[in-house]
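# Secondary and tertiary structure notes
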Amino acid sequence: MQYWVSWLLIPLGLASALCGCSSRESEDVSPGCYGRAIRPDELPASLRLDPLPKEQRPVFADDVRMREVGGESRPALPGVRPGDAFRRLDLELPRDARAPFRRRIDLAGGRYQRAEQVLIAPRIHTAEWQSLRPVYATIERDAEGRYAMLELNLSPFSTHRGSAKIIATVYVVPDSRRVLHETAPLELPTRSAWLAFALGIPEAARPLGPIRFELSACRGEQCRCLHQEVVDPATENGREWQERRLPLEGLEGQGVRLRFTSEAIGPEPTSVSLGQWTRPRLLKEGGARGAGERNLLLISLDTLAARHIEAYGYGRRTSPFMSGELARRGVLFEQGVAASTTTAPSHMTLFTSLPPSVHTVASNLRDSGLPEGVPTLASTLRDAGYATGSINENGALSRRTGFGRGFDFYLERTGATFMHPEGFVKEVFTSGLRFMERHRGERFFLFLHTYEVHDPYTPPPAYARLFEEADDPGHPDNIEIGARRAKLFPVHYDREIRHVDDALRELFSRMETAGLLENTLVVVTSDHGEAFLEHGLMGHGSDVYQEAVHIPLFMMGPGVPEGLRIRAPVGLIDVMPTTLDWLNVSPPADLMGQSFAPLLRGEDSQQRFMNRVLVSEAWHPWGGAKGKRADIEAPVIAVRRGEYKLIRTKWSDGPRYEFYDLSKDPVEAQDRYDPADPRVAELQRLADAYEEASARIVRARGFPPLIAERATLEDVAPDRREALKALGYIE
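Since the model is a prediction, treat every value here as computed from it, not as a measurement. (Residues numbered from 1 in each chain as written. Predicted model: local features only at pLDDT ≥ 70, side-chain atom pairs only at ≥ 80, totals over all residues. Heavy atoms only, no water.)

This paragraph deals with the packing of helix 7 (residues 425-438) against helix 9 (residues 490-513). Running from N to C, helix 7 and helix 9 point in directions that differ by 15°, and their axes come no closer than 10 Å. On the basis of their axis angle, the class for helix 7 and helix 9 is roughly parallel. Here the hand of the crossing between helix 7 and helix 9 comes out right-handed. In this structure, helix 7 contributes Val425, Lys426, Phe429, Thr430, Leu433 and Met436 to the contact, and helix 9 contributes His499, Ala503, Leu504, Glu506, Leu507, Arg510 and Met511. Residue classes in the contact of helix 7 with helix 9 are distributed as 8 nonpolar, 2 polar and 3 charged. (Axes fitted to C-alpha atoms, helices over the stretch in contact; angles between N-to-C directions. Helix = DSSP H or I, 4+ residues; strand = E, 2+ residues; numbered from the N terminus. Parallel < 35°, antiparallel > 145°, perpendicular 65-115°, else oblique. Left-handed = near helix turned anticlockwise from the far one by under 90°. Contact = heavy atoms within 4.5 Å. Nonpolar A, V, L, I, M, F, W, Y, C, P; charged D, E, K, R; others polar.)

Turning our eyes to something else, we now look at helix 9. Taking 1.5 Å per residue as the helical rise, helix 9 with its 24 residues ought to reach 34 Å, and the 35 Å between its terminal C-alpha atoms agrees with that figure. Looking at the residues trailing helix 9, positive phi occurs at Gly515, about 75°. (Expected span 1.5 Å × (residues − 1).)

Moving on: the environment of Met436. Structurally, the position occupied by Met436 is in helix 7. Expressed as a C-alpha distance, the spacing of Met436 and Leu297, which sit 139 residues apart in the sequence, is 9.3 Å. If sequence neighbours within four positions are ignored, Met436 has contacts with Leu297, Phe444, Leu446, Leu507, Met511 and Leu516.

A separate point is the pairing of strand 20 (residues 281-285). Working note: regular strand, side chains alternate between the two faces of the sheet. The pairing of strand 1 (residues 49-51) with strand 20 spans 3 bridges and is antiparallel. By the bridge assignment, Pro51 is partnered in strand 20 with Leu283. Sheet analysis places strand 14 (residues 193-200) next to strand 20, joined by 4 bridges and oriented antiparallel. The residue of strand 20 that forms the bridge with Leu195 is Leu282. (Pairing = 2+ DSSP bridges.)

Turning our attention to the sheet that holds strand 37 (residues 654-661). Spatially, the 4 strands line up as an open sheet ordered 34-35-36-37, and their pairing is antiparallel. Where the open sheet ends on each side, the last strands, each with one partner, are strand 34 (613-618) and strand 37. Here the average twist between neighbouring strands, direction ignored, is 15°. Here strand 34 runs beside strand 35 (residues 632-641); their pairing, made up of 6 bridges, is antiparallel. Considered in strand 35, the bridge of Glu617 is made with Ile637. Along the sheet face, helix 14 (residues 678-700) touches strand 34, strand 35, strand 36 (644-651) and strand 37 and points at about 45° away from the line of strand 36.

This model, assessed by the stated rule, comprises 1 disulfide. Bridging Cys218 to Cys223, the disulfide has an S-S length of 2.1 Å. The S-S bond linking Cys218 to Cys223 shows a torsion near 110°; that makes this disulfide right-handed. (Disulfide = S-S within 2.5 Å.)

What follows concerns unusual backbone geometry. Where the residue is not glycine, phi is negative for most of them; where a peptide bond is considered, it is trans in most cases. Phi at Thr360 takes a positive value of approximately 70°, unusual for a residue other than glycine. Note that Thr360 resides in the loop between helix 5 (356-359) and helix 6 (377-383). Its identity is not glycine, yet Glu668 carries a phi of approximately 55°, on the positive side. Tracing the chain through its elements places Glu668 in the loop between strand 37 and helix 14.

Right, let's get into the packing of aromatic side chains. Using the criterion set out here, one finds 18 aromatic pairs in the structure. Taken together, a centroid distance of 5.6 Å and an interplanar angle of 20° make the contact between Tyr657 and Tyr673 stacked. A residue pair is termed long-range when its members are at least 10 positions apart, and Tyr657 in strand 37 and Tyr673 in the loop between strand 37 and helix 14 qualify at 16 residues. We classify Tyr673 as partly exposed; its relative accessible area is 28%. Chaining the aromatic ring pairs together yields one cluster made of Phe351, Phe403, Phe407, Tyr410, Phe445 and Phe447. (Phe/Tyr/Trp six-rings, centres within 6.5 Å; stacked < 30°, edge-to-face > 60°. Buried < 20%, exposed > 50% of the residue type's maximum accessible area, 1.4 Å probe, protein only.)

Counting buried positions over the 7 residues of strand 21 (residues 295-301) gives 7, a clear majority of the element. Of the two faces of strand 21, the one lined by Asn295, Leu297, Ile299 and Leu301 and the one lined by Leu296, Leu298 and Ser300 are each fully buried. Here strand 21 pairs with strand 27 (residues 520-525) via 6 bridges, running parallel. Within strand 27, the residue paired with Leu296 across the bridge is Leu521. Here strand 21 pairs with strand 26 (residues 444-450) via 6 bridges, running parallel. Note that in strand 26 the partner of Leu301 across the bridge is Thr450.

In this section: the nonpolar core. In this structure, Phe333, Leu381 and Phe445 are the most contacted members of the largest nonpolar core, which totals 62 residues. Apart from residues no more than four positions distant in its own chain, Phe333 is found in contact with Tyr312, Leu553, Met555, Ile566, Val570, Phe596 and Leu600. (Core = buried A, V, L, I, M, F, W, Y, C linked by side-chain atoms within 4.5 Å.)

As a further point, take the confidence of the model for the chain. When pLDDT is averaged along the chain, the result is 80, and 76% of the positions lie at 70 or above. Contacts for the low-pLDDT stretch residues 1-31, under 50 throughout, to residues beyond four places or in other chains number 57 contacts. Here residues 82-86 is a poorly scored stretch, pLDDT under 50, and it has 18 contacts once near neighbours within four places are set aside; other chains count. (pLDDT = per-residue confidence, 0-100.)

As a further point, take the environment of Ala514. Secondary-structure assignment places Ala514 in the loop between helix 9 and strand 27. Ala514 gets classed as partly exposed once you look at its relative accessible area, which sits at 22%. Separated by 78 residues in sequence, Ala514 and Met436 place their C-alpha atoms 9.6 Å apart. Leaving out residues up to four positions away in the same chain, Ala514 has contacts with Glu437 and Arg440.

Turning our eyes to something else, we now look at the environment of Arg212. Looking at the secondary structure, you find Arg212 in strand 15 (residues 211-219). The sequence separation of Arg212 and Ala264 amounts to 52 residues, and the corresponding C-alpha distance is 6.4 Å.

This part takes up the pattern of salt bridges. Applying the stated criterion across every chain yields a total of 40 salt bridges. Between Glu334 and Arg567 there is a salt bridge whose closest N-O contact spans 3.7 Å. A residue pair is termed long-range when its members are at least 10 positions apart, and Glu334 in the loop between strand 22 (331-333) and strand 23 (336-337) and Arg567 in the loop between strand 32 (564-566) and strand 33 (570-571) qualify at 233 residues. Put simply, Glu72, Arg74, Glu243, Arg245, Arg281, Arg438 and Glu442 are held in one network by salt bridges that share partners. (Salt bridge = Lys/Arg side-chain N within 4 Å of Asp/Glu carboxyl O.)

Moving on: the packing of helix 3 (residues 320-329) against helix 9. Running from amino to carboxyl end, helix 3 crosses helix 9 at an angle of 40°, the nearest separation of the two axes being 8 Å. By the angle between their directions, the pair helix 3 and helix 9 is classed as oblique. Two secondary-structure elements touch here, helix 3 through Pro320, Phe321, Met322, Glu325, Leu326 and Arg329 and helix 9 through Arg498, Asp501, Leu504, Arg505, Phe508 and Glu512. Taken together, the residues of the contact of helix 3 with helix 9 sort by class into 6 nonpolar, no polar and 6 charged.

Pasting the structure below:
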């Protein structure tokens with residue numbers, strides 16, 4: 001009893017010491033609570049926070065799902081749950097006219113059986129996506145089942161081709177304005193424990209007014225308020241996640257439950273709390289960082305071909321930072337091999353160390369993706385105590401496909417205008433720097449991704465005169481394909497690369513100034529390359545020639561040799577086991593890549609890596625024809641062993657093969673296929689067996705079978721569809 005008496009003796013007032021926190025709603029943080037949570041950037045630079053063991057972390061009875069606030073998605077307590085999340089509605093609107101809109105939304109499923117009301121949050125797309133005011137609707141019943149009516153009085157919109165699209169998210173309205181979550185009993189074994197969490201209000205709830213968030217610690221029937229905060233979504237700050245750290249002094253012992261409450265305090269009688277708490281993390285104050293404890297920064301520069309970088313032999317000065325300082329301060333892998341030639345499958349291999357035919361994310365178009373239970377680089381590092389964050393430009397990297405798995409922080413740069421000529425690379429890197437600064441007292445893993453180099457090639461005006469000799473129509477690089485010549489002119493691609501290289505230099509400079517490079521392993525790579533008619537194809541997707549699968553790969557950081565160039569081929573499939581090896585984190589079982597860390601430590605020879613097999617897959621049915629389906633059956637496969645490479649393409653009349661010796665013919669100008677050549681015969685045997693071997697692994701692991709992608713636009717969520725159109729993946 002002495003433990004609880006000590007709470008009541010703290011000079012904060014008896015009333016505020018018990019569960020009812022101060023009701024002062026005009027202040028951000030109530031002074032009547034026992035503690036005060038602070039922002040991570042307010043923590044002393046010398047303070048290091050480590051996670052408590054996995055068995056001592058908070059457990060909730062409810063599911064923890066990714067929730068979005070201010071464009072950032074984080075694992076959050078369910079709060080008011082969405083129903084059948086995306087309800088796609090198409091609406092034809094006359095131009096500049098008011099259009100009353102009424103549509104029935106069927107509400108099948110047990111989630112709606114006891115509900116009386118739903119809150120429908122609609123979004124409309126004309127020139128861009130706009131959120132409309134949420135609508136309350138009473139659930140009704142008829143012979144066809146339970147339903148609600150969405151009624152909107154739409155103001156004039158400048159519609160695109162006379163039409164607009166509407167999607168809606170349906171929320172079940174709770175019985176109370178107050179939503180509560182509570183952990184199972186915890187044991188806090190240390191007096192230096194901290195709680196990390198964030199809170200926020202999703203966009204759909206902004207019109208509903210402010211929400212009071214309250215965190216209490218309870219034992220038995222007694223509770224004490226630890227933190228209280230009112231978030232007003234009418235303010236700019238109130239539209240973002242509010243990240244907090246709270247010292248848990250005086251709470252050590254067994255049986256403590258943490259109670260998270262959100263309550264709508266808006267003036268409208270129908271206001272409900274859609275407030276979200278992220279999944280909390282228990283931390284403890286640690287000592288000095290050990291020699292082997294490092295952060296990880298993984299940067300993917302989408303569509304960056306190695307052959308357009310001077311460190312890989314290119315003639316233009318597209319990448320002075322990567323080819324100069326980055327290569328000088330770390331390791332350059334001369335033969336990086338992409339897993340696939342489209343974004344989603346190649347990145348999923350990067351995150352899982354499984355080939356696309358096994359992890360089954362073979363397309364950019366599918367929303368269903370990574371099978372349940374497959375560990376990722378992010379989930380492995382989060383289990384090891386790392387703070388994990390992903391900041392990417394959306395399109396193919398959807399968290400619904402599984403790319404959010406393991407990330408505590410997930411920011412997708414979304415919207416119809418995300419392919420603005422200046423791109424998002426600086427915004428992505430700036431957001432990444434803020435994440436690293438917030439977590440400088442913890443070990444972190446941050447993934448940064450940008451489409452800046454991807455078609456359409458629209459570098460900022462400051463780069464318009466770079467490599468201007470190529471603007472001459474008579475220049476040999478001047479490619480003309482009808483009206484697309486200006487868009488696909490290779491010099492624009494090179495200018496984009498230089499723009500990204502400059503942004504990368506600025507990021508590293510700011511990291512060094514902030515002291516963030518000292519303990520951070522940095523990996524810079526790409527998911528695939530880009531073709532400019534080297535083999536009659538433009539872009540990427542359906543072929544596996546070197547221009548599409550030869551990617552850059554750089555590593556630098558603590559203990560990484562400086563100025564080393566490695567000739568042996570390594571793949572994206574090897575990045576996960578390698579980084580875990582370098583971070584001294586145990587890898588999950590059944591990874592199919594191989595750690596090349598022994599090469600960096602001088603413990604292994606490159607010859608062993610020259611003898612291993614690496615496979616690249618192409619699943620995109622439209623490929624380089626840009627909108628015209630190729631008369632081939634996916635996947636196209638490239639099997640590589642050392643300098644020898646065989647390509648198998650399944651045409652309608654049967655498979656065809658090509659064979660290249662890359663040591664003598666790095667641009668694959670001469671097909672040397674000869675089935676009598678034992679080198680060819682061995683690679684052909686591997687190529688022919690590859691699909692069945694992958695299918696056996698899929699069956700053995702209980703994954704859903706991979707079906708060759710024949711998706712249409714109707715299979716893609718509306719907001720993602722616009723992004724994929726902008727990227728040229730779909731017409």
